[in-house]
Amino acid sequence: MSSALTDLFPYPIVQAPMAGGVSVPALAAAVSEAGGLGFLAGGYKTADGMYQEIKQLRSLTSRPFGVNLFLPQPEYADQGAVEIYTHQLAGEAAWYETELGDPDSGRDDGYDAKLAVLLDNPVPVVSFHFGVPSRDVVDSLHRLGTFVLVTATTAEEALAVERSGADVVIAQGVEAGGHQGTHRDTPENDGAGIGLLSLVAQVRETVSVPIVAAGGIMRGGQIAAVLAAGASAAQLGTAFLATAESGANAVHKQALTNPLFTRTELTRAFSGRPARGLVNRFMREHGPYAPAAYPQLHHITAPLRKKAAASGDAQGMALWAGQGHRMARELPAGQLVEVLAAELDAARTAVSGQGDLR
């Protein structure tokens, strides 16, 4: 990785930007202060809301940090399928005593306004999810000294990221919790995700830009593995979701290690885009019928998810989590960074020692 970028954070540990209120300023600040790279999630916020969080984060740390944006989504959802799914959720609305959300609440997530904030008030790092920013956007951020990272889930997507002029590819394996950052949402590819180690190797042979590996990483030994495979750093989301500084709902945090939730799956049930979460009642009942319609389904189910969280009902929440969720540790975020760094050093030492065996 560019030494200018790695100089920003001593440890090769990036905290994933988890939207929906998880990646709050306190979490990002704690990670950055401990030597990792903390991230704010710009998704699902207003431009002013994002700006206020950036100001708050800057009051908590002088260390570098990043902000993540969602790319606007094309209009190719089947509106008839959206209407049918809406009717199927009528019982959920009655159960939670709330109205369903408006599917036409917006598909660009305020992208232009948020980008304007980041151009007027530059931050050290900006990452993008659900597509590739234009070359003009990348160049504009570079002129301000901002490093640009973009998610890719295949080697072909990584090549598109490199061609955009971005500094780093975030290689997201299928193990990752939350939304897969595919550049185009094509239902025929559901279930065809690539495991992280295979993806890192493929991306390493396809592009020359540095790689940040993301997907199911919970321990320092796993960080060592992705570094050995060709990554320059690792991005962890679920590992930080359970920390004290995380803004995740307490029910969500507890569910990560609750024996009632034994596995994760990719589902469209909550948002209309493939996202990995703990399998619960809502996912089982509605996942098989959810159409490819993001962000329409996200808006429709938002009131349901909010009421479920408010009532402590884990069976109606979007419990985003990676495949390593059972390994979550309830530690302060800064301490978790230190533990991961120590585990990484131990793993490297072990491998080096094995190399000396005769």
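Being a predicted model, the structure only gives us computed values, none of them experimental.

1. Remarks on the overall build of the chain
Part 1 of the argument: Secondary structure summary: the chain contains 15 helices and 11 strands in total.
Part 2 of the argument: Here the C-alpha radius of gyration of the chain, 20 Å, is about what a compact globule of 358 residues would show, namely 21 Å.
Part 3 of the argument: Referenced to the eigenvectors of the C-alpha coordinate spread, the extents of the chain come out at roughly 65 × 45 × 40 Å.
Part 4 of the argument: Counting over 358 residues, the chain shows a buried share of 55%.

2. Quick look at the sheet that holds strand E10 (residues 264-267)
Part 1 of the argument: Taken in spatial order, the three strands line up as E7-E11-E10 in an open sheet, and their pairing is antiparallel. Only two strands of the sheet have a single partner each, and these edge strands are strand E7 (178-179) and E10.
Part 2 of the argument: With two bridges joining them, E7 and strand E11 (residues 275-278) adopt antiparallel strand pairing. Across the sheet, His179 pairs through a bridge with Ala275, a residue of E11.

3. What about unusual backbone geometry?
Across residues other than glycine, the phi torsion is negative in most instances, and most of the peptide bonds are trans.
Part 1 of the argument: Across the junction of Tyr294 and Pro295, the peptide omega takes the value 5°, indicating a cis bond.
Part 2 of the argument: With respect to the secondary-structure elements, Pro295 resides in the loop between helix H13 (281-286) and helix H14 (296-310).
Part 3 of the argument: Positive phi outside glycine occurs at Glu97, with the angle close to 50°.
Part 4 of the argument: Along the polypeptide, Glu97 turns up in the loop between helix H5 (90-95) and helix H6 (111-120).
Part 5 of the argument: Overall, Glu97 belongs to the exposed group, its relative accessible area being 68%.
Part 6 of the argument: The backbone of Phe130 sits at a positive phi, close to 75°, despite the residue not being glycine.
Part 7 of the argument: With respect to the element layout, Phe130 can be found in the loop between strand E4 (125-129) and helix H7 (135-143).

4. Brief notes about the packing of aromatic side chains
Aromatic ring pairs are reported here in terms of the distance separating the ring centres and the angle at which the planes meet.
Part 1 of the argument: The final tally for this structure, using the stated rule, is six aromatic pairs.
Part 2 of the argument: With a centroid separation of 5.3 Å and an interplanar angle of 75°, the aromatic rings of Tyr44 and Phe70 are classed as edge-to-face. Of the two residues, Tyr44 is situated in the loop between strand E2 (38-41) and helix H3 (47-60) and Phe70 in strand E3 (residues 65-70); the sequence distance between them amounts to 26 residues.
Part 3 of the argument: Linked through ring pairs, Tyr44, Phe70, Phe130 and Tyr294 together constitute an aromatic cluster.

5. Quick word on the side chain of Asp185
Part 1 of the argument: Relative to the elements of secondary structure, Asp185 occurs in the loop between E7 and helix H9 (196-204).
Part 2 of the argument: Judged by relative accessible area, Asp185 falls into the buried class, the value being 6%.
Part 3 of the argument: In this structure the side chain of Asp185 is engaged in a polar contact, spanning 2.8 Å, whose partner is the side chain of Arg268.

6. Focus on the nonpolar core
Part 1 of the argument: Residues Phe128, Ile223, Leu236 and Phe240 are the most contacted members of the largest nonpolar core, which totals 96 residues.
Part 2 of the argument: If you tally residues by element for this core, the top one is helix H15 (residues 333-355), at six residues.
Part 3 of the argument: If we skip the residues at most four places from it in the chain, Phe128 touches Asn68, Leu69, Leu71, Tyr111, Pro133, Val137, Leu141, Val148, Leu149, Val150 and Thr151.
Part 4 of the argument: Grouped together as the second largest cluster of nonpolar side chains are 14 residues, Phe9, Leu37, Leu149 and Ala233 included.

7. A word on the pairing of E11
Within a regular strand, side chains alternate between the sheet's two faces.
Part 1 of the argument: Pairing analysis gives four bridges linking E10 to E11, with the strands arranged antiparallel. Within the sheet, the bridge partner assigned to Leu266 lies in E11 and is Arg276.

8. Concerning the sheet that holds strand E8 (residues 211-214)
Part 1 of the argument: An order of E1-E9-E8-E6-E5-E4-E3-E2 is seen for the eight strands of this open sheet, with the pairing classed as parallel. The open sheet terminates on both sides in strands that have one partner only, identified here as strand E1 (13-15) and E2. If you compare each strand with its neighbour and ignore which way they point, the axes differ by 25° on average.
Part 2 of the argument: Taken together, the five bridges between E3 and E4 define a ladder with parallel strand orientation.

9. Brief notes about helix H10 (residues 220-229)
Part 1 of the argument: What H10 keeps buried is the set Gly220, Ile223, Ala224, Val226 and Leu227. Projected down its long axis, H10 carries its buried residues within an arc of 165°, all on one side.
Part 2 of the argument: Immediately downstream of H10, the backbone of Gly230 shows phi near 125°, a positive value.

10. Re the pairing of strand E9 (residues 233-236)
Part 1 of the argument: The two faces of E9 match: Ala233 and Gln235 on one face and Ala234 and Leu236 on the other face are all buried.
Part 2 of the argument: In this sheet, E9 lies alongside E1 in parallel orientation, the contact comprising three bridges. Paired with Ile13 across the bridge in E9 is Ala234.
Part 3 of the argument: Two strands pair when backbone bridges link them, and E8 and E9 are joined in this way by three bridges, in the parallel orientation.

11. Some thoughts on the pattern of salt bridges
Part 1 of the argument: For the coordinates displayed, the defined rule picks out nine salt bridges.
Part 2 of the argument: Glu265 serves as the salt-bridge partner of Arg263, at 2.3 Å between the closest nitrogen and oxygen.
Part 3 of the argument: A relative accessible area of 42% means that Arg263 is categorised as partly exposed.
Part 4 of the argument: Connected through shared salt-bridge partners, Glu92, Arg281 and Glu285 make up one network.

12. What about the environment of Leu71?
Part 1 of the argument: Structurally, Leu71 can be placed in the loop between E3 and helix H4 (79-88).
Part 2 of the argument: Note on Leu71: relative accessible area 10%, which makes it buried.
Part 3 of the argument: Separated by 60 residues in the primary sequence, Leu71 and Gly131 place their C-alpha atoms 5.8 Å from one another.
Part 4 of the argument: Setting aside anything within four residues of it in sequence, one finds Leu71 in contact with Tyr111, Phe128, His129, Phe130, Gly131, Val132 and Pro133.

About the thresholds
- Residues numbered from 1 in each chain as written.
- Predicted model: local features only at pLDDT ≥ 70, side-chain atom pairs only at ≥ 80, totals over all residues.
- Heavy atoms only, no water.
- Helix = DSSP H or I, 4+ residues; strand = E, 2+ residues; numbered from the N terminus.
- Rg over C-alpha atoms; globule rule 2.2 N^0.38 Å.
- Buried < 20%, exposed > 50% of the residue type's maximum accessible area, 1.4 Å probe, protein only.
- Pairing = 2+ DSSP bridges.
- Phe/Tyr/Trp six-rings, centres within 6.5 Å; stacked < 30°, edge-to-face > 60°.
- Polar contact = N/O pair within 3.5 Å; in protein donor to acceptor, adjacent residues only side chain to side chain.
- Core = buried A, V, L, I, M, F, W, Y, C linked by side-chain atoms within 4.5 Å.
- Contact = heavy atoms within 4.5 Å.
- Axes fitted to C-alpha atoms, helices over the stretch in contact; angles between N-to-C directions.
- Arc of directions from axis to C-beta.
- Salt bridge = Lys/Arg side-chain N within 4 Å of Asp/Glu carboxyl O.

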